[in-house]
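Descriptive structure summary
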Amino acid sequence: MSKKIFGTDGVRGTANVEPITAETALQLGRAAAHVFKNLNKQARDRGKHKIVIGKDTRLSGYMLENAISSGILSMGVDVLFIGPLPTPGVAYITRSLRADAGIVITASHNPYTDNGIKFFRADGYKLDDQIENQIEKLVFSREIEKVRPAADEIGKAVRIDDALGRYIEFAKAGFPKNLTLENLRIVVDCGNGAAYKSSPCVLRELGAEVIVFGNHPDGKNINEGCGSMHPEKLCAEVIAHKAHVGIAHDGDADRVLLCDENGKLVDGDDIMAIAAMDMLAQETLVGKTLVATVMSNAGLETAIKKAGGKIIRAAVGDKNVIDEMLKKGFNFGGEQSGHLIFRDYSSTGDGLVAALQILRIMREKNQPLSKLVKCWTRFPQVVTNVRVREKIPFEKLENVLTLVSEAETELKSAGGRVLLRYSGTEPKARLLLEGSDEKHLKSWSQKICGAIQKQIGV
């Protein structure tokens, strides 16, 4: 095992292969409990320390949940089990129960064979690098093995039976009380993941007619041919049921993609455009600033500027977006992939909260989603993923950066751009090309991705 456990979004890998093993999960639980216990020592002068543990619907979640909880309990910290719940739900319950920290066992949009461990601070935000480094150091140095509370100080585990109900009420609270979703037919694809109960329930309680699928998880079908990773099924179901809108989540429901009444996909850039324009008009967008990432379409920036706002671009990853928002107090940001952070309501990306904000705008303006999306014009963009055997620096690959440089020179003259990077969560190289001529973009994509595929492709 390498000396680095944490990636761009917690710890992630193939289940039962290091670092996603019961042994390492136990050590992570011990180290995390020790770190959070000391972080909150002054703030908590009475009562025992406690950590919330939630998960998505993966088979390996049972193994990791028991292992990591054993580690936490051995350090004299109580564990609060909340079962399958969306990642934003775990963050909310952590705050609601005044816990020292929250842990969610999930690999988000990855297949069921993968799993991961994400941590939240007491305030529901993801960990700073400094805290992650402390946890890693304790695990690898084996210093944590020297810390052994006495037998009478060992923690206890309890199950919180109303966690789902708490999250449902939290999500509904962000939707205006004077509005309902009556007379709206909504198709929901839960991706056989953590939102299989919460999203349909919230939408029905707000009055919508809900057609739901991807809500029968069996431990192995999470993200399989459904959810936000396969939105084509959602779009087909919207047409088949003559629905007004479609909603698709990934495995842990911190993402959302939508589909309009015509069966056309509405991605994170579309959602950011609609919501940011509305917030600019209502004067609720702090600093008149939207925080997006380098992957967001240039047309989004043009539209926001025209409306009197501006965009700040962060590195890819919702953690980077949130960090940028926290630095300057901004209240809205997101990613093209469907991570949307409405900080007025949630401390992390929340697919259900984001969907409800768009449904609110549809209701208030009495407009279909297809019309709302017309508030901006998308520049031609081609995004290609190449699965790789190993992540060799691009400068060490023959001719790859030369091709990138040639493409940049050609595309920049027309306002385009090139972005090549490795995924932080999957063994993939990702190439984004943007410009005025889609055929030209595809040609460059074939050249660059072909060079990568030839040398390190699977």
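Everything below is about the structure printed above this text.
The notes below deal with the structure included here. (Residues numbered from 1 in each chain as written. Predicted model: local features only at pLDDT ≥ 70, side-chain atom pairs only at ≥ 80, totals over all residues. Heavy atoms only, no water.)

**A short note on the overall build of the chain**
Our working rule: A run of H or I in DSSP becomes a helix once it reaches four residues, and a run of E becomes a strand once it reaches two; helices and strands are each numbered from the N terminus. With C-alpha atoms as the basis for the radius of gyration, the globule rule is written as 2.2 Å multiplied by the number of residues raised to the power 0.38. Accessible area is worked out with a 1.4 Å probe on protein chains only. A residue is then buried under 20% of its type maximum, exposed over 50%, and partly exposed in between. Any pair of residues with heavy atoms lying within 4.5 Å of one another is described as a contacting pair.
Along its length, the chain carries 14 helices and 18 strands. For the chain, the C-alpha radius of gyration of 22 Å lies close to 23 Å, the compact-globule estimate for 458 residues. Dimensions of the chain along its principal axes, counting C-alpha atoms only, are 70 × 60 × 40 Å. In the chain, buried positions account for 58% of the 458 residues. Considering only contacts in the chain between residues 6 or more positions apart, those separated by 24 or more positions represent 70%.

**Overview of the sheet that holds strand β3 (residues 78–84)**
Let me state the cut-off plainly: A strand pair is defined by DSSP finding two or more bridges across the two strands. Working convention: axes come from line fits to C-alpha atoms, limited for helices to the stretch in contact. Angles between N-to-C directions cover 0 to 180 degrees.
Reading across the sheet, the six strands line up as β1-β5-β4-β2-β3-β6 and stay open at both edges, with mixed pairing between neighbours. Edge strands, defined here as strands with exactly one partner in the open sheet, are β1 (11–14) and β6 (157–159). This sheet shows a mean twist of 20° between the axes of neighbouring strands, independent of strand direction. Of the strand pairs in this sheet, β1 and strand β5 (residues 114–120) are connected by four bridges, and their pairing is antiparallel. Note that in β5 the partner of G13 across the bridge is N115. Its contacts with the sheet place helix α2 (residues 61–74) against β2 (50–55), β3, β4 (101–105), β5 and β6, and it is angled at close to 175° to β2.

**A short note on the nonpolar core**
Proteins that are soluble and globular tend to have nonpolar side chains buried together. Quick reminder of the rule: As used here, the term nonpolar core means buried Ala, Val, Leu, Ile, Met, Phe, Trp, Tyr and Cys residues forming a set that is joined through side-chain atoms within 4.5 Å.
Of all hydrophobic cores here, the largest spans 67 residues; its most connected members are I186, L203, F332 and L359. The residues contacting L203, other than those within four sequence positions of it, are L181, I186, V188, A208, V210, I247, L356 and L359. I20, F36, L64 and I68 belong to the second-largest nonpolar core, a separate cluster that totals 34 residues.

**Points about the layout of surface pockets**
Keep this limit in mind: Cavity: a set of points on a 1 Å grid over the protein atoms alone where a 1.4 Å probe fits but cannot get out. Pocket: an open set with protein on both sides within 12 Å along at least five of seven lines, its lining residues, like those of a cavity, having an atom within 4 Å of a point. Grid points are joined across faces, edges and corners, and a volume is the space filled by probe spheres set on the points. Following the grouping adopted for this structure description, the nonpolar residues are Ala, Val, Leu, Ile, Met, Phe, Trp, Tyr, Cys and Pro, the charged ones are Asp, Glu, Lys and Arg, and the polar ones are all others, Gly among them.
Estimates place the volume of the second largest pocket at around 440 Å³. Looking at side-chain class alone, the lining of the second largest pocket contains six nonpolar, nine polar and seven charged residues.

**With respect to the sheet that holds strand β11 (residues 265–266)**
Pairing is mixed in the open sheet, where five strands are placed in the order β8-β7-β9-β10-β11. Sheet topology places β8 (209–213) and β11 at the edges, where each strand pairs with a single neighbour. Across five bridges, the pairing between strand β7 (residues 185–189) and β8 is parallel. Paired with I186 across the two strands is V210, which belongs to β8.

**Looking at helix α9 (residues 298–306)**
Threshold: Polar contact criterion, stated in full: a pair of N or O atoms within 3.5 Å, where within protein one must be able to donate a hydrogen and the other to accept it, and residues adjacent in sequence count only if both atoms are side-chain atoms.
Residues of α9 that are buried: A298, G299, L300, A303 and I304. Where α9 is buried, its residues touch α8 (268–282), β12 (289–293), β13 (310–314) and β18 (428–434). Taking the backbone nitrogen of G299 as reference, a side-chain oxygen 2.7 Å away marks N297 as the first, capping residue of α9. Note on α9: the residue one or two positions beyond its end, G308, has a positive phi of about 100°.

**Re the pairing of β18**
Across the seven residues of β18, seven count as buried, placing the element largely inside the fold. The two faces of β18 match: K428, R430, L432 and E434 on one face and A429, L431 and L433 on the other face are all buried. In this sheet, β18 lies alongside strand β16 (residues 381–387) in antiparallel orientation, the contact comprising seven bridges. Across the sheet, V383 pairs through a bridge with L432, a residue of β18. Note that strand β17 (residues 417–422) and β18 share six bridges and pair antiparallel. Of the residues in β18, the one forming a bridge with V418 is L433. With antiparallel pairing between neighbouring strands as the criterion, β17 and β18 make up a hairpin whose turn holds five residues.

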